[in-house]
Amino acid sequence: MNFPLFIARRYLIAKKSHNAINIISIISVIGVGIGTMALIVILSVFNGFDQLVQSLYNSFYPDLKITATEGKVFFLDTIQAGKLKEIKGVSFVSQVVEENALLRYGERQHIATIKGVDENYKMVTGLDTMIMDGDFILQKDERDFAIVGQGVAYYLAIGLNFINPIVIYVPKRTGRMTLNPAQAFNKDYIFPSGIFSIEQEIETKYVIVPIGFARDLFDYKNQVSSLEISLEDDANEKEIK
């Protein structure tokens, strides 16, 4: 028999002349056991919350993200894009254009980030699994649509009725001083097709649109704000970086 176990057994359950010592020992063991079980339950709950939060953020943020070292955008040609896709371990690469804009829906206004994405964005993130209303549709029958964060939808009181569009205003990048303030802004409109729900900070900030729509709105050609990359399950992230 294990010697420490033998000593513990003799101490706890052996007959003694002082019953009070046995009672105190049993109460101590029960107290330590309850405290240990409570600690295990609490740690398990926190571990579950941590995994839940990670899964929520992973549904919006990519495995890797390439941004400009200077300025807000950089140029990307087809050769560079092709080389990225050839790197071992890279699964999909999505081009992204982001800018802040003023949104108007009916009589309400809200400042948000317009995020233009290409057709690979659905493969890079899991945003399509976080749609709480409507569908994940960015283009249909040559028409552009927007996926709106739940917070943005709340502030603008957006409904998926396809009657009222979201009107978007952004300052012109090459605009000159003018007496008419309206001429200093690019203006376009788009209908929402879905509303996503992830986390409050993200929901109140982002509106997802097709990258072509975003480039026309922001006066960009083939520039991108970032490249979002998804990796294969067994990929070596450090080597890919």
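As a reminder, the structure under discussion sits directly above these lines.
Below, the structure is looked at part by part. Keep in mind the model is a prediction, meaning the values are calculated, not measured. (Residues numbered from 1 in each chain as written. Predicted model: local features only at pLDDT ≥ 70, side-chain atom pairs only at ≥ 80, totals over all residues. Heavy atoms only, no water.)

Observations regarding the overall build of the protein chain
So the rule is basically this: Going along the chain from the N terminus, every DSSP run of H or I of four or more residues is numbered as a helix, and every run of E of two or more is numbered as a strand. Working rule for contacts: check all heavy atoms of both residues, and any pair within 4.5 Å makes them a contact. Where accessible areas are quoted, they stem from the Shrake-Rupley method and a 1.4 Å probe; at the residue level, only the protein chains shown are allowed to cover.
Scanning the protein chain from N- to C-terminus turns up 8 helices and 12 strands. Taking the intrachain contacts of the protein chain between residues at least 6 apart in sequence as the baseline, contacts between residues at least 24 apart amount to 74%. Approximately 15,700 Å² of the protein chain is accessible, and the part contributed by carbon and sulfur atoms is 56%.

Comments concerning the environment of Arg108
What counts here: Counted as a polar contact is a pair of N or O atoms within 3.5 Å, where, for protein atoms, one must be capable of donating a hydrogen and the other of accepting one, and residues adjacent in sequence contribute only when both atoms are in side chains.
Within the secondary structure, Arg108 is located in strand S4 (residues 108-117). The sequence separation of Arg108 and Ala157 amounts to 49 residues, and the corresponding C-alpha distance is 7.7 Å. Arg108 has contacts with Leu103, Tyr154, Tyr155, Leu156 and Ala157, leaving out every residue within four places of it along the chain. Of the polar contacts made by the side chain of Arg108, one reaches the backbone oxygen of Tyr155; its length is 3.5 Å.

Describing the nonpolar core
Selection rule: What we call a nonpolar core is a set of buried Ala, Val, Leu, Ile, Met, Phe, Trp, Tyr and Cys residues that are connected through their side-chain atoms within 4.5 Å. For the exposure calls, accessible area comes from a 1.4 Å probe over protein chains only, and a residue counts as buried if that area is under 20% of its type's maximum, exposed if over 50%, partly exposed in between.
With 25 residues, the main nonpolar core has Leu103, Ile168 and Val207 as its most contacted residues. Contributing elements (two or more residues each) for this core: strand S3 (90-105), S4, strand S7 (143-149), helix H5 (150-156), strand S8 (166-171), strand S9 (185-196), strand S10 (206-210) and helix H7 (211-218). Residue contributions to this core peak at 5 residues, all from H7. Ignoring any residue separated from it by four or fewer positions in sequence, one finds Leu103 in contact with Arg108, Gln109, His110, Ala112, Ile114, Val152, Leu156, Ile166, Val167, Ile168 and Val207.

By themselves, these are just geometric observations and shouldn't be taken as functional.
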